Amino acid sequence: MKHLEKAFGNKLAIALFIAPALILFTVVVPLPILHSFYMSFFKWDMLSEMTYTGFENYKELFSDEIFISSIFHTIEITILSLILQVSLGLFLALCIVNITRGRKYYQNAFFIPNVLSSAVIGILWFFVYNYDFGLINSILKTVGLQSLQQEWLSQKYVIFALSITTCWQWVGYHMILYVAAISGIPQDIIEAAIVDGAQGFKMVSKIIIPQILPVLRVSIVLIITGSLKYFDMAWIMTEGGPDFASETIATYIYRTAFNKLQYGLGSAASTFLFAVSILITIVINKFAAKREIAY
Amino acid sequence: MKKSLRFIALAVLVIFAFSFVLLTQVGEKKVQGATNELTFWSWVSDSDTIKQVYEQAIKEFNSNNKYGVKIKAVYTPGEQYKTKLQTAMAANNPPDILNMWAAGKMKPYVDANRLYPISDIMNKDKQWKDRYVDGVFDLTTFNGKIYGIPQIRVATVIYYNKEIFKKYNLTPPKKWSELVNVIKVLTRNGIIPFALDARDPWILAMYAEYIANRIDPDAYRKVQKDPNAWTDKAFIETGKKIQELVKLGAFPKGATSLDYVAARNLFDQGKAAMYVMGIWDVGYLSTQSPVKNKVGAFKWPEIEGGKGNINNFLAGIEQVIAVSSNCKNKQAAAAWLKLLSEQRYAKDLLAEKAGYFPSVKVNPDPKKVTGLYLEVLNMLKDQNTKDSFTYYDVMFGPIIGDGFNNTIQSIYLGKDPVEAFKKLADIAKKEMKK
């Protein structure tokens, strides 16, 4: 033990131990980002010579209707995901901490979608939304609500349909975060609140939510950053369609770079996405300033 | 104490050194390769019969060839292939022999001098070239040189369920008005006329490409030179015909959430009476499909007042193999490609076993192929090559071609054809100016 203490106190040793991670995060991670930024000033199909075009790609990007609409779709998905996942996650967490029997079972049941791969979930829900034999329309038919049957992946509903699938996938994860946070609230605070007459909604809004705020913030940041790079579900279920109705920034990047061979344009779009992600993270951190809770 | 520190430092350094050595070695090995080994990259998957053809031909070639080389195949099925190939091309480290696309999708590779004109070798070997069906090289020829060898021919036809047609007293339509009538009878009886997967825009585009041809075959030629021709009457009219089909109820409800297999299932289950698809599905439809004994095929009907002939086919080639310009032994690569054109591969395996239509001339044993296969083979003999045309996304490449597919999808969903094609013309103008 003594040897180790001594070793960790030594500056050289510290440097050596940090080196791998340092190299990783100063070279391997930022380099592709910088390279992509650099490529965004060129026109390149990966075969012919790269030609420098200045800000041409950015101009083209922002005059492309599909890209503009992809920004809006991404925002829609982000907002829907926030509303659905935070509220449902919180609701489920509150239910779960209050049940004693079968708590483990419910916890696992909601968490299972999270361990499935997105590809599997995408295909699964692709069938759920199927017009002919899909689960939703079949249920509607059995209960005699044929009039409510819809083409769930049509232009009108596709964003909503995708957000629900994503919610199904991730809500368990956020629920677990909230369960842990709620369980961590000291019992005496709760008891004191009860004595003061806090109950039901009041208890949740005045005591529980403020107490788990740091965890809520983490989960909100995760949902937002996850939604910004929303790709897998949209690509598997709709390929950004029909008629680009579910094109997100990430599917746009993939389509332009790998399907249309416009690497410069794709890089410009990813640089934009990178900038937006950084900006949003900064804003969230600023507005929801850290508030450590000391018990 | 100092000792332990030194030990730790040393250990870390050794690990670093080792990993560097390992990394560089792995890298070098990849770049160098064995000089007597030719790599062949393909996108076929285990379920493709063509993989068997490749595998057997490789085995045969590797066991005795005068070049002293071995061919090593690397299979990367699906979308990944494209990404992998592009990355390798960008790094200027392409495979020696590779699966390629035709026409517009091949052109960038030819323009960048990445492919070897195989006709340089082929022209000295007349017997080899004569094995192929006339015209199969049209889509792989640039500046008079052939850059790739197709393995199979494809074309799109309309399959139909003979039993359903018989039940409602219908015959394969030869004119648009007859087709409209067929659709009306079918919908009246609760049968879906066409099993369509509208999620994948290229499938819907096949309908449009046929309609445009039947209206005016020249439209296809015009847009190859003049991007403004996308707003020609023939295309606008095509858009209107697509919307007419939608209005008639020609397609299943919720077609945008059907994929290839789900759409085909509708035909398999007898819920849909017709199915527009390439002849690559003949094998499946005549051997595996639940309706296998009831499937027939017919040509796309003519449109009254249109200039297109019923014998103009939407046709093309598939499974093109090209030799890269970096190939270490082009003679050997050519010899292997020639081996692939042997009858035992083309006729026995592709035609008789898999139900494909090889690019090599074959006369399959009528007892060994299905009725549908023969029907389609005979139909292809009527082909009027002059006004036949190929898949637009292949012909016009990823920007204009896929743009066309998406245009048709948006029209299917209700967009005004005039507006939609104007947008496509803008895309084409920008692309062709470059």
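Residues numbered from 1 in each chain as written. Chains lettered and ligands numbered in written order. Predicted model: local features only at pLDDT ≥ 70, side-chain atom pairs only at ≥ 80, totals over all residues. Heavy atoms only, no water.

1. Some points on the overall build of chain A
Here's step 1: If you tally the helices and strands in chain A, you get 15 helices and two strands.
Here's step 2: For chain A, the C-alpha radius of gyration of 24 Å lies well beyond 19 Å, the compact-globule estimate for 295 residues.
Here's step 3: Within the span of chain A, comprising 295 residues, buried residues form 42% of the whole.
Here's step 4: Expressed as a percentage of contacts within chain A between residues at least 6 apart in sequence, the contacts between residues at least 24 apart total 66%.
Here's step 5: When the 19 basic and 18 acidic side-chain charges of chain A are each reduced to a single mean position, those positions are 13 Å apart. (Helix = DSSP H or I, 4+ residues; strand = E, 2+ residues; numbered from the N terminus. Rg over C-alpha atoms; globule rule 2.2 N^0.38 Å. Buried < 20%, exposed > 50% of the residue type's maximum accessible area, 1.4 Å probe, protein only. Contact = heavy atoms within 4.5 Å. Lys, Arg positive; Asp, Glu negative; His and termini not counted. Charge placed at Lys NZ, Arg CZ, Asp CG, Glu CD.)

2. Describing unusual backbone geometry
Here's step 1: The peptide bond linking A:Gly241 to A:Pro242 adopts the cis configuration, its omega dihedral lying at -10°.
Here's step 2: Relative to the helices and strands, A:Pro242 is located in the loop between α13 (232-237) and α14 (249-259).
Here's step 3: Non-glycine residue B:Asn113 carries a positive phi angle of around 60°.
Here's step 4: Considering the arrangement of structural elements, one finds B:Asn113 in the loop between α4 (103-111) and β4 (115-116).
Here's step 5: Overall, the relative accessible area of 59% leaves B:Asn113 in the exposed class.
Here's step 6: Its identity is not glycine, yet B:Asn169 carries a phi of approximately 60°, on the positive side.

3. Section: the packing of aromatic side chains
Here's step 1: Applying the stated criterion to the full structure yields 60 aromatic pairs over all chains.
Here's step 2: Seen from their ring centres, A:Phe42 and A:Tyr52 are 5.6 Å apart, and the 75° between their planes marks the pair as edge-to-face. With A:Phe42 in strand β1 (residues 42-43) and A:Tyr52 in strand β2 (residues 51-52), this residue pair connects regions lying 10 residues apart in the sequence.
Here's step 3: Taking the centre distance of 6.1 Å and the plane angle of 65° together, the rings of B:Tyr81 and B:Trp101 count as edge-to-face. Here B:Tyr81 is found in helix α3 (residues 80-90), whereas its partner B:Trp101 is found in the loop between β3 (97-100) and α4, with 20 residues between them in sequence.
Here's step 4: Note on B:Tyr81: relative accessible area 1%, which makes it buried.
Here's step 5: Over the face of the ring belonging to B:Tyr75 we find B:Lys51, whose NZ or CZ atom lies 4.5 Å from the ring centre.
Here's step 6: The cationic tip of B:Lys84 hangs over the ring face of B:Trp41; the distance from NZ or CZ to the ring centre is 4.4 Å. (Phe/Tyr/Trp six-rings, centres within 6.5 Å; stacked < 30°, edge-to-face > 60°. Lys NZ or Arg CZ within 6 Å of the ring centre and 35° of its normal.)

4. Side note on a nonpolar patch on the surface
Residue and element names in this part refer to chain A.
Here's step 1: Side chains of Ile 23, Leu 24, Phe 25, Val 27, Val 28, Val 29, Leu 31, Ile 33, Leu 34, Phe 274, Ile 278 and Ile 282 sit close together on the surface and give an oily, nonpolar patch of about 1,100 Å² of accessible area.
Here's step 2: Every element with two or more residues in the nonpolar patch is listed here: α2 (11-28), α3 (30-39) and α15 (263-287).
Here's step 3: For the nonpolar patch, the element with the most residues is α2, which contributes five residues.
Here's step 4: With respect to the secondary-structure elements, Ile 282 resides in helix α15. (Patch = residues over 30% accessible without salt bridge, like charges linked within 9 Å, V, L, I, M, F, W, Y side chains within 5 Å. Areas by Shrake-Rupley, 256 points an atom, 1.4 Å probe, with all protein chains shown as cover. Salt bridge = Lys/Arg side-chain N within 4 Å of Asp/Glu carboxyl O.)

5. Quick word on the packing of helix α9 (residues 201-215) of chain B against helix α11 (residues 233-248) of chain B
Residue and element names in this part refer to chain B.
Here's step 1: Axis separation between α9 and α11 bottoms out at 9 Å; the angle between their running directions is 125°. The angle between α9 and α11 falls in the class oblique. Where α9 crosses over α11, the handedness of that crossing is right-handed. Between α9 and α11, the contacting residues are Tyr 207, Ala 208, Ile 211, Ala 212 and Ile 215 on the first element and Ala 234, Phe 235, Glu 237, Thr 238, Lys 241, Ile 242 and Leu 245 on the second.
Here's step 2: Looking at the contact of α9 with α11 residue by residue, the classes come out as nine nonpolar, one polar and two charged. (Axes fitted to C-alpha atoms, helices over the stretch in contact; angles between N-to-C directions. Parallel < 35°, antiparallel > 145°, perpendicular 65-115°, else oblique. Left-handed = near helix turned anticlockwise from the far one by under 90°. Nonpolar A, V, L, I, M, F, W, Y, C, P; charged D, E, K, R; others polar.)

6. Notes on helix α19 (residues 417-433) of chain B
Residues and elements named next belong to chain B.
Here's step 1: Taking 1.5 Å as the rise per residue, α19 with 17 residues should run 24 Å; its terminal C-alpha atoms sit 24 Å apart, in good agreement.
Here's step 2: Listed in full, the buried residues belonging to α19 are Pro 417, Ala 420, Phe 421, Leu 424, Ala 425 and Ala 428. Burial along α19 is one-sided: seen end-on, the buried residues are contained in an arc of 140°. Summarising the geometry of α19, the exposed residues directed more than 90 degrees from the buried face are Lys 422 and Lys 433. (Expected span 1.5 Å × (residues − 1). Arc of directions from axis to C-beta.)

7. Side note on the interface of chain B and chain A
Interface size is commonly expressed as the accessible area that is lost once the parts come together.
Here's step 1: The partner chain A presents 40 residues to the 38 residues of chain B that form the contact.
Here's step 2: In this structure, the connection of chain B to chain A is made through three salt bridges.
Here's step 3: For the salt bridge of B:Lys430 with A:Glu60, the shortest nitrogen-to-oxygen distance reads 3.6 Å.
Here's step 4: Elements with a contribution of two residues or more to the side of chain B that touches chain A: α1 (2-32), α3, α4, α18 (397-412) and α19 of chain B.
Here's step 5: Class assignment for the residues of the side of chain B that touches chain A results in 17 nonpolar, 10 polar and 11 charged.

8. Notes on the pattern of salt bridges
Here's step 1: Here the structure, examined in full by the defined rule, presents 27 salt bridges over all chains.
Here's step 2: A salt bridge links A:Glu56 to A:Lys59; the shortest N-O distance between them is 3.8 Å. Highlighted residues: A:Glu56 and A:Lys59, both in helix α4 (residues 56-63), separated by three residues, approximately one helical turn.
Here's step 3: By relative accessible area, which is 57% here, A:Lys59 ends up exposed.
Here's step 4: Measuring nitrogen to oxygen at the nearest pair gives 3.8 Å for the salt bridge that ties A:Glu239 to B:Arg199. Taken as a pair, A:Glu239 in the loop between α13 and α14 and B:Arg199 in the loop between β8 (192-194) and α9 lie in two separate chains rather than in one.
Here's step 5: On the basis of relative accessible area, B:Arg199 is assigned to the buried category, the value being 13%.
Here's step 6: Look at the salt bridges and you will find they share partners, linking B:Glu60, B:Arg131, B:Glu342 and B:Arg344 into a network.

9. Concerning the environment of A:Ile77
Residues and elements named next belong to chain A.
Here's step 1: The topology assignment puts Ile 77 in helix α5 (residues 65-97).
Here's step 2: Judged by relative accessible area, which is 0%, Ile 77 ranks as buried.
Here's step 3: Residues Ile 77 and Phe 160 lie 83 residues apart in sequence; the distance between their C-alpha atoms is 7.6 Å.
Here's step 4: Setting aside its immediate chain neighbours within four residues, Ile 77 contacts Ile 159, Ser 163, Ser 227, Tyr 230 and Thr 248.

10. Looking at the sheet that holds strand β2 (residues 70-75) of chain B
Residues and elements named next belong to chain B.
Here's step 1: If you walk across this open sheet you meet the five strands as β2-β1-β3-β12-β4, and the pairing is mixed. Either end of the sheet is taken by a strand with one partner, and the two such strands are β2 and β4.
Here's step 2: Bridging between strand β1 (residues 37-42) and β3 involves two bridges; their strand directions are parallel. When the bridges of β3 are listed, Phe 40 appears paired with Ile 97.
Here's step 3: Sitting on the sheet, helix α2 (residues 49-63) touches β1, β2, β3 and β12 (320-324), and the angle it makes with β2 is about 160°.
Here's step 4: Running at roughly 130° to β3, α3 makes contact with β1, β2 and β3 of the sheet. (Pairing = 2+ DSSP bridges.)

11. A look at the nonpolar core
Here's step 1: By size, the foremost hydrophobic cluster in this structure holds 157 residues, and its most contacted members are B:Met100, B:Tyr159, B:Phe194, B:Trp230, B:Met274, B:Trp336 and B:Phe404.
Here's step 2: No other element matches α9(B), which puts 10 residues into this core.
Here's step 3: Discounting residues that sit within four places of it in the chain, B:Trp336 has contacts with B:Phe40, B:Tyr54, B:Ala57, B:Ile58, B:Phe61, B:Ile71 and B:Ile97.
Here's step 4: In terms of nonpolar packing, the next biggest core, distinct from the first, is built from 24 residues, A:Ala93, A:Leu94, A:Tyr178 and A:Ala181 among them. (Core = buried A, V, L, I, M, F, W, Y, C linked by side-chain atoms within 4.5 Å.)

Purely geometric stuff here, so don't read any function into it on its own.
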